[in-house]
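Chain residues, written in single-letter form:
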Amino acid sequence: MIRRQLSREVLKERLKGVFETCAPEDYKTKVLKGHLHDAIPYNSGLKVRIELLGADGSLETLKKWSTQNKSVDEALLKLSAKFSSAYGFERKTALETVRLCAEAMGISVREPEKGKTEERTFEQPDYREATYESTDKEVPKASKKNRTPSKRALVRYLLFLVLMSAGFIGGGLYFGTLSKTIEIIRSPFFEDRVILGILGGLIGILTVMPFIFKKSKLPMFYPILALLVQVVVAALAKDMPIVYERFQIGIWAVVTGSFILLTAQAAFFPRREDGVSARAISPYYLTGAVYFVTQWAVRATALYLQ
């Protein structure tokens, strides 16, 4: 057996890969344990402490703090003190474990002043010189290729596209507007560069804005926006049915197109700390429901009045 050294920087980088691979909901499960054992060999004490941090919700708290642009040094001290008291770990060991996890999640942690904190350690007086038995082969660092996307997000992503397509076609068949819709789509109207530019611009705005204003949670307001637009457009259904249908096609295209772009990260790519894509999925489901309910209500009313 060959003895190898794992410096603090190496531990931090490997933990960073673990936290990027695991979703916050995985922190309390065996998924976290499995990734820890794959990424960090033999350092059982550290892994047990991190597993306990996940089990009691501390890692989820750190993940939330990682999205905030403010100092959390005092909060880290309180969190480590609570962790130390709950499980009986030495205060200095608990603090260093919490600090290491925080830094791995991208939290800026201020270096402790001399005399105010005890020596940082993982099972050894100086973790930078600590040695761990390992095999001849190095354990590979977590890479982007090994970071799997959320299966739940993928299912919700694909289901939304199926429901939007089924609702669009099914509503057209039921109300007898499908042939008219197809005719409108094939008409020069939707081939006009100005119209295509407007639709593309709206899709781009709905896709980019949530990433620009992460803390505002803009997708939560999309259902309200869809309702307002549909209420205004409903006035055209009786006197200008062709214009009304054009608006319905355009709204469907904007909602579906922006959903595809905005939430693709949560469904197909490694998870990111901001979670913008994942949080946008549910509001889009509500937006789709508002779109169809208001549209079908207007069409049903029009048929009743005929």
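Small disclaimer: the values here were computed from a predicted structure and weren't measured. (Residues numbered from 1 in each chain as written. Predicted model: local features only at pLDDT ≥ 70, side-chain atom pairs only at ≥ 80, totals over all residues. Heavy atoms only, no water.)

### Re the overall build of the protein
Now for step 1: Within the protein, the regular secondary structure consists of 13 helices and 2 strands.
Now for step 2: Classification of the 306 residues of the protein by burial places 42% in the buried group.
Now for step 3: Sequence separation of 24 or more characterises 73% of the internal contacts of the protein that already satisfy a separation of 6 or more.
Now for step 4: As displayed, the protein offers around 17,500 Å² of accessible surface, 62% of which is attributable to carbon and sulfur atoms. (Helix = DSSP H or I, 4+ residues; strand = E, 2+ residues; numbered from the N terminus. Buried < 20%, exposed > 50% of the residue type's maximum accessible area, 1.4 Å probe, protein only. Contact = heavy atoms within 4.5 Å. Areas by Shrake-Rupley, 256 points an atom, 1.4 Å probe, with all protein chains shown as cover.)

### What about the pattern of salt bridges?
Now for step 1: Here the structure, examined in full by the defined rule, presents 10 salt bridges.
Now for step 2: Glu25 is the salt-bridge partner of Arg152, the closest N and O atoms lying 3.2 Å from each other. Placement of Arg152 in helix α7 (residues 151-175) and of Glu25 in the loop between α1 (8-21) and α2 (30-39) is noted, with a sequence separation of 127 residues between them.
Now for step 3: A relative accessible area of 54% places Arg152 in the exposed class.
Now for step 4: Relative accessible area serves as the criterion here: at 41%, Glu25 is assigned to the partly exposed category.
Now for step 5: In this structure, the salt-bridge partner of Glu103 is Arg99, at a minimum N-O distance of 3.8 Å. With Glu103 and Arg99 both in helix α6 (residues 91-104) and 4 residues apart, this pair spans about one turn of that helix. Taken individually, Glu103 and Arg99 each receive the classification buried, so the pair is uniform in this respect. (Salt bridge = Lys/Arg side-chain N within 4 Å of Asp/Glu carboxyl O.)

### Details of empty space enclosed by the protein
Where empty space is left can be seen by rolling a probe of water-molecule size over the atoms.
Now for step 1: Evaluated as defined, the whole model comprises 2 cavities of 30 Å³ or more.
Now for step 2: What the largest cavity holds in volume is close to 40 Å³.
Now for step 3: Around the largest cavity, the lining residues are Phe168, Gly172, Thr177, Thr181, Glu245, Gln295 and Arg299.
Now for step 4: Of all the elements in the fold, those that place two or more residues in the lining of the largest cavity are α7 and α13 (276-305).
Now for step 5: The residue inventory of the lining of the largest cavity, partitioned by class, reads 1 nonpolar, 4 polar and 2 charged. (1 Å grid on protein atoms, 1.4 Å probe; cavity = no way out; pocket = protein on both sides within 12 Å on 5 of 7 lines; lining within 4 Å. Points joined across faces, edges and corners; volume = space filled by probe spheres on them. Nonpolar A, V, L, I, M, F, W, Y, C, P; charged D, E, K, R; others polar.)

### Concerning helix α5 (residues 73-87)
Now for step 1: Its 15 residues place the ends of α5 21 Å apart at the C-alpha level, agreeing with the 21 Å of an ideal helix rising 1.5 Å per residue.
Now for step 2: Residues of α5 that are buried: Asp73, Leu76, Leu79, Ser80, Ala81, Phe83 and Ser84.
Now for step 3: For α5, the elements touching its buried residues are α3 (44-55), α4 (58-65) and α6.
Now for step 4: Phi turns positive one or two residues past the end of α5, at Gly88, with a value near 80°. (Expected span 1.5 Å × (residues − 1).)

### What about the nonpolar core?
Now for step 1: Residues Leu15, Phe19, Leu32, Ile50, Leu59, Leu62 and Leu76 are the most contacted members of the largest nonpolar core, which totals 30 residues.
Now for step 2: With 6 residues, α6 is the single largest residue contributor to this core.
Now for step 3: For Leu62, the residues in contact, after removing those within four places along its chain, are Leu76, Leu79, Val98, Cys101, Ala102, Met105 and Ile107. (Core = buried A, V, L, I, M, F, W, Y, C linked by side-chain atoms within 4.5 Å.)

### Details of the packing of aromatic side chains
Now for step 1: Applying the stated criterion to the full structure yields 16 aromatic pairs.
Now for step 2: Seen in terms of ring centroids, Tyr157 and Phe268 are 5.2 Å apart; in terms of plane orientation they differ by 85°. Their pairing is edge-to-face. Taken together, the residues span a long stretch of sequence, with Tyr157 in helix α7 and Phe268 in helix α12 (residues 241-268) at a distance of 111 residues.
Now for step 3: For Tyr157, a relative accessible area of 5% puts it in the buried group.
Now for step 4: Here the aromatic cluster, defined as three or more aromatic residues joined through ring pairs, consists of Tyr157, Phe160, Tyr222, Phe259, Phe268, Tyr284 and Tyr285.
Now for step 5: Looking at Arg246, its charged tip hangs above the ring of Phe189, at a distance of 4.1 Å from the centre. (Phe/Tyr/Trp six-rings, centres within 6.5 Å; stacked < 30°, edge-to-face > 60°. Lys NZ or Arg CZ within 6 Å of the ring centre and 35° of its normal.)

### Overview of the side chain of Thr21
Now for step 1: Relative to the helices and strands, Thr21 is located in helix α1.
Now for step 2: In this structure Thr21 comes out as buried when scored by relative accessible area, which is 6%.
Now for step 3: In this structure the side chain of Thr21 is engaged in a polar contact, spanning 2.7 Å, whose partner is the backbone oxygen of Gly17. (Polar contact = N/O pair within 3.5 Å; in protein donor to acceptor, adjacent residues only side chain to side chain.)

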